[in-house]
Amino acid sequence: MSEHNTNQGGAVKHRHRTEGPQKHIVAFIFSIVLTLIAFAAVAAGGVNASFTIILLVVMAILQVLVQLGYWMHLKDKGHMIPILFMAFGFFVAGTAVITALYWVWW
């Protein structure tokens, strides 16, 4: 899946790389596997509660990264501004949560 260049009338035109469904299918399967792992950890019942919570948080973070990267196409070129805005939003939300926790407990 490479980028093709064509020469028409002295001008070089770049064709867009097309992405087949293969990567979307792999991302979908990965999302399903992450969901099944999280479900199995909760359904097992005998697993330590702290471990289950940590596993669920890790699975959720991985799920968000897969969703943003493949379904929202943030892995593609030209998406740096939305990524920066989301990173700033996560920073502000994280700061608000940490401030609220600090305010309540100290």
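Note that the structure is a prediction, hence the values are computed from the model and not measured. (Residues numbered from 1 in each chain as written. Predicted model: local features only at pLDDT ≥ 70, side-chain atom pairs only at ≥ 80, totals over all residues. Heavy atoms only, no water.)

Undergrad: Describe in detail helix H1 (residues 21-44), supporting the description with residues and values.
TA: With 24 residues, H1 ought to run about 34 Å at 1.5 Å a step, and its terminal C-alpha atoms sit 34 Å apart, in line with that. Looking only at H1, the buried set comprises Ala-27, Ser-31, Leu-34, Ala-38 and Ala-41. Close packing links the buried residues of H1 with helix H2 (49-71). At the C-terminal side of H1, Gly-45 shows a positive phi close to 75°. (Helix = DSSP H or I, 4+ residues; strand = E, 2+ residues; numbered from the N terminus. Expected span 1.5 Å × (residues − 1). Buried < 20%, exposed > 50% of the residue type's maximum accessible area, 1.4 Å probe, protein only. Contact = heavy atoms within 4.5 Å.)

Undergrad: Quick rundown of the confidence of the model for the chain? Include the residues and the values.
TA: Model confidence for the chain is summarised by a mean pLDDT of 81, while 81% of its residues fall at 70 or above. Ranking the elements of the chain by mean pLDDT puts strand E1 (residues 5-8) last with 54 and helix H3 (residues 80-105) first with 90. (pLDDT = per-residue confidence, 0-100.)

Undergrad: Any chance you could break down the packing of H1 against H2 for me, citing the residues and the numbers?
TA: Where H1 meets H2, the closest approach of the two axes is 10 Å, and the angle between their N-to-C directions is 165°. Comparing their axes, H2 and H1 come out roughly antiparallel. Where H1 crosses over H2, the handedness of that crossing is left-handed. Along the contact surface, H1 presents Lys-23, His-24, Ala-27, Phe-28, Phe-30, Ser-31, Leu-34, Thr-35, Ile-37, Ala-38, Ala-41 and Val-42, while H2 presents Thr-52, Leu-55, Leu-56, Met-59, Leu-62, Gln-63, Val-66, Gln-67, Tyr-70 and Trp-71. For the contact of H1 with H2, a count of residues per class yields 15 nonpolar, six polar and one charged. (Axes fitted to C-alpha atoms, helices over the stretch in contact; angles between N-to-C directions. Parallel < 35°, antiparallel > 145°, perpendicular 65-115°, else oblique. Left-handed = near helix turned anticlockwise from the far one by under 90°. Nonpolar A, V, L, I, M, F, W, Y, C, P; charged D, E, K, R; others polar.)

Undergrad: Explain the side chain of Thr-52 residue by residue, including any values.
TA: Position of Thr-52 relative to the elements: it lies in helix H2. Setting aside residues up to four positions removed in sequence, Thr-52 forms contacts with Ala-41, Val-42 and Val-47.

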